[in-house]
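A closer look at the structure
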Amino acid sequence: MAKISLIVNGNPVNANVDPRTLLVQFLRENLRLTGTHVGCDTSQCGACVVHLDGRAVKSCTTLAVMADGHEVRTIEGLAPDGAPLHPMQEAFREHHGLQCGFCTPGMIMTAVDLVHRKGHDLSDHVIREELEGNLCRCTGYQNIVASIAAGAKAMAKSDLA
């Protein structure tokens, strides 16, 4: 077993884990943060995207021990409990950027990272290019792209960005 210490959604976490434990397994099974989804186990779909030290990573191909000493933010950590939704979450709701919702947490986490890296004024082309590693099996992506564009603009005006 390996001892790990990390910050998850602002809270310190200490645990003993099998060194082969994936970060997604640790989040879902040990911490019961089930918003991070397992879609493919091969890093193809993006349903498992979380932020590691502020950058989007696919937690299905990241070992939990790799997060030792780092900060992880999941979809549950974007907006504090009882607070309004994060602007990107609200944009997905407003612009119908989801259908079944399975890919949505990973899409939102990728979108927030995209805004942090590329700014608040994103073209449809840039959004579509950046979503290359996130798959949605329900939509034609138009509402997802519109949601991200709106969320990016809303993040410019928000303290939660």
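This text follows the structure it describes.
Owing to the predicted nature of the structure, the values given are computational and were not obtained by experimental measurement. (Residues numbered from 1 in each chain as written. Predicted model: local features only at pLDDT ≥ 70, side-chain atom pairs only at ≥ 80, totals over all residues. Heavy atoms only, no water.)

Another aspect to go through is the overall build of the chain. Looking only at helices and strands, one finds 5 helices and 5 strands in the chain. Tracing the chain from N to C terminus, the helices and strands come up as β-β-α-β-β-β-α-α-α-α. Seen along its three principal axes, the alpha-carbon backbone of the chain occupies a region of about 45 × 30 × 25 Å. Relative to its 161 residues, the chain shows a buried fraction of 44%. Restricting the contact set of the chain to residue pairs at least 6 apart, pairs at least 24 apart contribute 58%. Accessible surface, the chain: about 8,100 Å² in total, of which carbon and sulfur atoms supply 50%. (Helix = DSSP H or I, 4+ residues; strand = E, 2+ residues; numbered from the N terminus. Buried < 20%, exposed > 50% of the residue type's maximum accessible area, 1.4 Å probe, protein only. Contact = heavy atoms within 4.5 Å. Areas by Shrake-Rupley, 256 points an atom, 1.4 Å probe, with all protein chains shown as cover.)

For soluble globular proteins, nonpolar side chains are generally found buried alongside one another. Met88, Ile127 and Ile148 are the most contacted members of the largest nonpolar core, which has 23 residues in total. Listing elements by their share of this core, those giving two or more residues are helix 2 (87-94), helix 3 (104-118) and helix 5 (142-156). In terms of residue count, helix 3 provides more of this core than any other element does, 7 residues in total. With 15 residues, the next largest nonpolar core counts Ala15, Val17, Leu27 and Ala67 among its residues. (Core = buried A, V, L, I, M, F, W, Y, C linked by side-chain atoms within 4.5 Å.)

What follows covers the environment of phenylalanine 92. In this fold, phenylalanine 92 is placed in helix 2. Put simply, phenylalanine 92 and alanine 150 are 58 residues apart on the chain and 8.5 Å apart in space, counted from C-alpha to C-alpha. Setting aside residues no more than four positions away along its own chain, phenylalanine 92 makes contact with Gly97, Leu98, Thr104, Met107, Ile108, Ile144, Ser147 and Ile148.

Put simply, helix 2 and helix 5 touch, their axes get as near as 8 Å, and they point 140° apart. One element, helix 2, and the other, helix 5, form an angle in the oblique class. Regarding helix 2 and helix 5, the two cross each other, and that crossing is right-handed. Residues Pro87, Met88, Ala91 and Phe92 of helix 2 touch helix 5, and the partners they reach there are Ile144, Ser147, Ile148, Ala150, Gly151, Ala152, Ala154 and Met155. For the contact of helix 2 with helix 5, the residue count by class is 10 nonpolar, 2 polar and no charged. (Axes fitted to C-alpha atoms, helices over the stretch in contact; angles between N-to-C directions. Parallel < 35°, antiparallel > 145°, perpendicular 65-115°, else oblique. Left-handed = near helix turned anticlockwise from the far one by under 90°. Nonpolar A, V, L, I, M, F, W, Y, C, P; charged D, E, K, R; others polar.)

What follows deals with the pairing of strand 4 (residues 55-58). Every regular strand shows the same layout, with side chains that alternate between the two sheet faces. Note that strand 3 (residues 49-52) and strand 4 share 4 bridges and pair antiparallel. Looking at the pairing, valine 50 lines up with valine 57 of strand 4. Connecting strand 3 to the antiparallel partner strand 4 that follows it, the hairpin turn spans 2 residues, and aspartate 53 within it adopts a positive phi of roughly 55°. (Pairing = 2+ DSSP bridges.)

Turning next to the sheet that holds strand 5 (residues 71-73). The strand order 2-1-5-3-4 describes an open sheet built from 5 strands, whose pairing is mixed. Looking at strand neighbours, the two that pair on one side only are strand 2 (11-17) and strand 4, the edges of this open sheet. Going from strand to strand, the sheet's axes swing by 40° on average, the running direction of each strand aside. Most of the contacts of helix 1 (residues 23-30) go to strand 2, to which it runs at about 105°, and overall it touches strand 1 (2-8), strand 2, strand 3 and strand 5. Where helix 3 meets the sheet, its contacts fall on strand 3, strand 4 and strand 5, and the angle it forms with strand 3 comes to roughly 40°.

Here strand 1 shows one buried face, formed by Ala2, Ile4, Leu6 and Val8, and one open face, formed by Lys3, Ser5 and Ile7. Relative to strand 2, strand 1 runs antiparallel, the two being bridged by 7 bridges. Of the residues in strand 2, the one forming a bridge with lysine 3 is asparagine 16. Linking strand 1 to strand 2, which pair antiparallel, is a turn of 2 residues; within it asparagine 9 sits at a positive phi near 55°. Summarising the sheet, strand 1 and strand 5 pair through 2 bridges and their orientation is parallel. Note on strand 5: the bridge partner recorded for isoleucine 7 is glutamate 71.

As far as function goes, none of this settles anything; it's purely spatial.
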